Each structure stands twice: as C-alpha cells, then as structure tokens.
Amino acid sequence: MINRKSRDEIKRMRHAGHIVALVHQKMKEVVEPGISTKELDNIAMHIIKENRAIPTFLGYSGFPASICTSINEQVVHGIPSEDVILKEGDIIAIDVGATYGGMVGDSAWSYRVGKVSDEVDKLMKVTEESLYAGIEQMRPGNVLDDISKAIEAVANREGYGIVRQYGGHGVGHEMHEDPFLFNYSVGDNTLIKSNMAIAIEPMLNLGGDDVVVSKEDGWTVSTKDGKPSAHFEHTVIATDDGPLITTKLMN
Ligand code: MG
Ligand code: MG
C-alpha cells in the first residue's frame, strides 16, 4: 500500500532531508584524493547526530555504516573502510539516510575526486540530468511509468546501461516503502497522488546493465563489466504545487 503523508509528516521529512543535504554539502567539501571512505562515514555520522537525527542506514539489515560509499565500477551499497583511500580521477557515489522525528530522508550524490576523464564526467552529468527528468514527472495525475520513461529516455539518448535490479522506492516512516520505482519503463500505471513520497534514484552505467553483488562482503554492488557507474538520488513529494524535493537545504 502506498501511503500519503500528512502535513506534519511532510514537515518532519523536510527536516530529515535538510540534515541529509547538510551531509552532502560537507561531502562535497571533503571529498579529495587521500581521504578514506571511513573518514567520510565518521564525518557524516557526526553531522547526523549533532542534528539530533539517526543514521538510517546504520544497522539496516545489518549494514555496518552511516553512509554507502561506492567508487567507480561500484554502483551502490559500498561499505566505508579505512583501507579505501580516494585517488585522483575516481568518482564516488555517497548515499546518505537520516531519520528525524520518525521520518526518513534519502539522497545519493556522485562526486568527482579531482579531475575525472571526459567520458566519466559526461556520465555524471547525464545521470544527474536523468534524475531531474524523473523528478519533473513526480506530479499528481501522472503515473509511475512517466517517471521511469523520463529517466530511461535520457539514458538511452547516450546509450548508457540502466541498472535493472535496483531502483527508486516509496519513503517516509521507513526507508523502503511501496512502491518500487523502475528506472526504465515497465508500464506501471500506478497513479501518483498528492503527498506521496518517492526516493527517485537512477543508476546509470558507462557499459552494460548487469551488476553483481560482492561475494566477499555481501553488500557492494558493482557493474559486471567493470565500467564506471553513477548514482544520483533525491527524496521527492508530489504536491499540487509541483514536485517537492525534501533532501535539499531549507532556506
Ligand atoms: Mg539512498
Ligand atoms: Mg534510496
């Protein structure tokens, strides 16, 4: 069942989203060659806690950290480690979740570590573009497939792979609520109604669609062909005034 959020729940979701955005603001500053993903996790955890929120990911199905850090060919769910040091030319997708007043904000962003290759730079720009194309469709009266189609069209234009096994999701009291949102058209005609909240999160690959889960840690998802992948995500509420992104800084 897809629940619709009350005014009070939306207020708390915006607060949670603001805290997630604060973390991303800091990540943008500190991501550079030489920093470990564990250090990034510590910084994120500190910001979430000092804002009296809970790191949503920590302990989720046993996940051992506050953020997911996925580098280059890693797509999602990378585990921060003091042994993983960022280097010039890497890209890193950082996924952040914060729970405030019982409501969740969920947002991922891909960052460049120093200067990246032109083709990877374009992958990142286009994946971000596909996110906003999807967000634009998050309007009452549209259907879920409108979001999926918008994302897919941007990816297809450039011939990028689209991750099939993971996608967007309803969000609110829980990080993962109904519905599941595909990043390619499956003809889902579920109606979008006002005050529904969905985390929209395209994952696009420079190569093919296929991904594999690490046998070593059971978490890290990587492209099968080893080519880079980018990930951008916002939590978005459909309102009568248009799409409301909760995971950005409040003025
Ligand atoms: Mg996320
Ligand atoms: Mg998500």
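In this text, all values refer to a predicted model and were calculated from it rather than measured experimentally.

## Looking at the environment of Lys227
Then, in step 1: Structurally, Lys227 is set in the loop between strand 12 (221–223) and strand 13 (229–231).
Then, in step 2: Along the chain, Lys227 and His77 lie 150 residues apart, while their C-alpha atoms are 17 Å from each other.
Then, in step 3: The residues contacting Lys227, other than those within four sequence positions of it, are Glu73, Leu206 and Gly207.

## Things to note about the coordination of the magnesium ion (ligand 1)
By definition of the ideal shapes, a tetrahedral metal site with four donors has angles of 109.5 degrees and an octahedral site with six donors has angles of 90 or 180 degrees.
Then, in step 1: The protein atoms donating to the magnesium ion (ligand 1) are Asp95 (OD), Asp95 (OD), Asp106 (OD) and Glu233 (OE), with metal-donor distances spanning 2.0 to 2.5 Å.
Then, in step 2: Spacing between the donor residues of the magnesium ion (ligand 1) along their common chain follows D-x10-D-x126-E.
Then, in step 3: Taken as a pair, the magnesium ion (ligand 1) and the magnesium ion (ligand 2) show a spacing of 3.1 Å, with Asp106 coordinating each metal. Residue Asp106 is found in strand 5 (residues 103–112), and its partner Glu233 is found in the loop between strand 13 and strand 14 (234–239); the two are separated by 127 residues along the sequence.
Then, in step 4: For Asp106, a relative accessible area of 2% puts it in the buried group.

## Some thoughts on the sheet that holds strand 3 (residues 74–76)
Then, in step 1: Read across the sheet, 3 strands follow the order 3-12-11 without closing on themselves; strand pairing throughout is antiparallel. Here the strands that pair on one side only, and so sit at the sheet edges, are strand 3 and strand 11 (211–213). Strand after strand, the sheet turns through a mean of 40° between neighbouring axes, direction not considered.
Then, in step 2: As defined by bridge partners, strand 3 adjoins strand 12 across 2 bridges and the pair is classed as antiparallel. Note that in strand 12 the partner of Val76 across the bridge is Val221.

Analysis parameters
Residues numbered from 1 in each chain as written. Chains lettered and ligands numbered in written order. Predicted model: local features only at pLDDT ≥ 70, side-chain atom pairs only at ≥ 80, totals over all residues. Heavy atoms only, no water. Helix = DSSP H or I, 4+ residues; strand = E, 2+ residues; numbered from the N terminus. Contact = heavy atoms within 4.5 Å. Donors = N, O, S within 2.8 Å, 3.2 Å for Na, K, Ca; no water. Buried < 20%, exposed > 50% of the residue type's maximum accessible area, 1.4 Å probe, protein only. Pairing = 2+ DSSP bridges. Axes fitted to C-alpha atoms, helices over the stretch in contact; angles between N-to-C directions.

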